[in-house]
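Observations on chain architecture
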Amino acid sequence: MVVRRIGVMSAAALLALALAACAGTGSAGGGTGRTFKIGIKFDQPGLGLKRGSTYTGLDVDVAKYVAKALGHNVADIQWVEAPSAQRETLLSTGQVDIVVATYSITDARKAKVSFAGPYFVAGQDLLVRSDETSITGPDTLTGKKLCSVKGSTSAQKVKDKYPGVQLQELNTYSQCVAALVSQGVDAVTTDNTILAGYAAQPQYAGMLKVVGKTFSEERYGIGIRKGAVTTCQKITAAIARMISSGAWQQAVDANLGPAGFTVDTRLNPPKQDPCS
């Protein structure tokens, strides 16, 4: 009986040690062990791009910096694709913790979610084929076929200001660019940052150009759940530190520089809005 009791105790001790070891392992790289879900774009070169299991871009670098400020390591992050039309739903349903996906801060969106930022200010522009000479700005789009993405501010601006345009709305900008290359549409419109990234892709070398006449200011914010003021304050402080430390400029140069993109220094680096 004594031997059996000792055996049972030993087995229990071993089980306890095993469970403790599992609990203490957490995520690789010393993470908190709690998955931190971040919504990004998967198809935007220089901003949010997925290639295999690798994620790159300015949004990705900003997201990593913010995640660390919130107590998470890179190992804790789960990247979630956040198409333009789904960003509010992903946040309101808890499918992601934050969204960092060229997410322009607008009053309409602030009715559904809250924002921290901005962390970058871009401008809406046009992408056309390299041999295109008739499209020189939004005022020359009448009668032309223009592509943008469902749920984007770019598409809404075209509907509101340029009713003579034949607007086609697809799910992603990569689909729009493919349609442009195949001559299914005459131009693609979204932020100049996004367009420059596509024009610089090797598969489109020499085929596309950005018109270079912006007609909006797009203030990229980090989307969070509506009313999460404390989280907003922490993220806003993190963005400010990223800018003051020089890490923001390094991220901008590394991700937007290869596309030959010229940052508008009148608007960047931006000042962050107060949280409310």
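Cut-offs and rules
- All residue numbers refer to position in the chain's written sequence, counted from 1.
- Confidence filtering applies because this is a predicted model: local features only for residues at pLDDT of at least 70, side-chain atom pairs given and counted only at 80 or more, and all residues used for totals across whole chains, interfaces and linings.
- Side-chain metrics rest on all non-hydrogen atoms present in the structure, leaving aside hydrogens and water.
- Elements are defined by DSSP. Helices are runs of H or I of four residues or more, strands are runs of E of two residues or more, and each kind is numbered from the N terminus.
- Partly exposed residues are those whose accessible area sits between 20% and 50% of the maximum for their type, while under 20% is buried and over 50% is exposed, using a 1.4 Å probe and protein chains only.
- In this description, contact between two residues means that some pair of their heavy atoms is separated by no more than 4.5 Å.
- The protein chains shown are the only cover counted for residues, whose accessible areas, like all others here, come from Shrake-Rupley with a 1.4 Å probe.
- Here a cavity denotes a set of grid points, spaced 1 Å apart and computed over the protein atoms alone, in which a 1.4 Å probe fits but from which it cannot get out, and a pocket denotes an open set meeting protein on both sides within 12 Å along at least five of seven lines; residues with an atom within 4 Å of a point are reported as lining.
- Grid points are joined across faces, edges and corners, and a volume is the space filled by probe spheres set on the points.
- In the scheme used here, Gly and all other residues not listed as nonpolar or charged are polar, with Ala, Val, Leu, Ile, Met, Phe, Trp, Tyr, Cys and Pro taken as nonpolar and Asp, Glu, Lys and Arg as charged.
- Note on charges: Lys and Arg go in the positive column, Asp and Glu in the negative column, and His and the chain ends are not counted at all.
- In what follows, salt bridge is the name for a side-chain nitrogen of Lys or Arg lying within 4 Å of a carboxyl oxygen of Asp or Glu.
- Two N or O atoms form a polar contact when they lie within 3.5 Å of each other; inside protein one atom must be a possible hydrogen donor and the other a possible acceptor, and for residues adjacent in sequence the pair counts only when both atoms belong to side chains.
- Cysteine sulfur pairs qualify as disulfides if the two atoms are within 2.5 Å.
- Residue-level confidence of the predictor is summarised by pLDDT, bounded by 0 at the bottom and 100 at the top.

1. What to know about the overall build of the protein chain
Of the regular secondary structure elements, the protein chain holds nine helices and 13 strands. Across the 276 residues of the protein chain, 46% fall into the buried class. Put simply, of all contacts in the protein chain between residues at least 6 apart along the chain, 72% involve residues at least 24 apart. Just so you have it, the protein chain exposes about 13200 Å², and 54% of that area is on carbon and sulfur atoms.

2. Looking at empty space enclosed by the protein
This structure, assessed with the given rule, holds two cavities of 30 Å³ or more. Roughly 90 Å³ of internal volume is contained in the largest cavity. Taken together, 13 residues make up the lining of the largest cavity; nearest its centre are Lys41, Asp43, Pro83, Asn171 and Thr172. Of the residues that constitute the lining of the largest cavity, the class distribution is six nonpolar, four polar and three charged. Taken as a whole, the second largest cavity encloses approximately 70 Å³ of empty space. Around the second largest cavity sit 13 residues that line it, and Thr102, Ser152, Thr153, Tyr173 and Asp191 are the ones nearest its centre. Every element with two or more residues in the lining of the second largest cavity is listed here: strand S6 (98–104), helix H5 (153–161) and strand S11 (187–191). Taken together, the residues of the lining of the second largest cavity break down into two nonpolar, seven polar and four charged.

3. Brief notes about the side chain of Lys41
Within the secondary structure layout, Lys41 lies in the loop between strand S1 (36–40) and strand S2 (43–44). No salt bridge forms around the buried Lys41; measuring N to O, its nearest opposite-charge neighbour Asp43 is 6.0 Å away. Of the polar contacts made by the side chain of Lys41, one reaches the side chain of Ser84; its length is 3.0 Å.

4. Notes on the state of the cysteines
By definition, a disulfide links two cysteine residues through a covalent bond between their sulfur atoms. Under the defined criterion, the tally for this structure stands at two disulfides. One disulfide in the model links Cys147 with Cys176; its S-S distance is 2.1 Å. Torsion about the S-S bond of the Cys147 and Cys176 cystine: about -70°, corresponding to left-handed handedness. Taken together, the residues span a long stretch of sequence, with Cys147 in strand S9 (residues 145–149) and Cys176 in helix H6 (residues 173–181) at a distance of 29 residues. Comparing Cys147 with Cys176, the two get one shared label, buried. Through a disulfide, Cys232 is tied to Cys275; the S-S separation comes to 2.0 Å. One quick way to see it: the torsion about the S-S bond of Cys232 and Cys275 is about -80°, and its sign makes the bridge left-handed. Of this pair, Cys232 sits in helix H8 (residues 229–245) while Cys275 sits in the segment after helix H9 (247–256), and the two are 43 residues apart along the sequence.

5. Here's the deal with the confidence of the model for the protein chain
Residues of the protein chain with pLDDT of at least 70 account for 88%, and the chain-wide mean is 89. Contacts of residues 1–30 to residues separated by more than four positions or lying in other chains number seven contacts, the stretch itself having pLDDT below 50.

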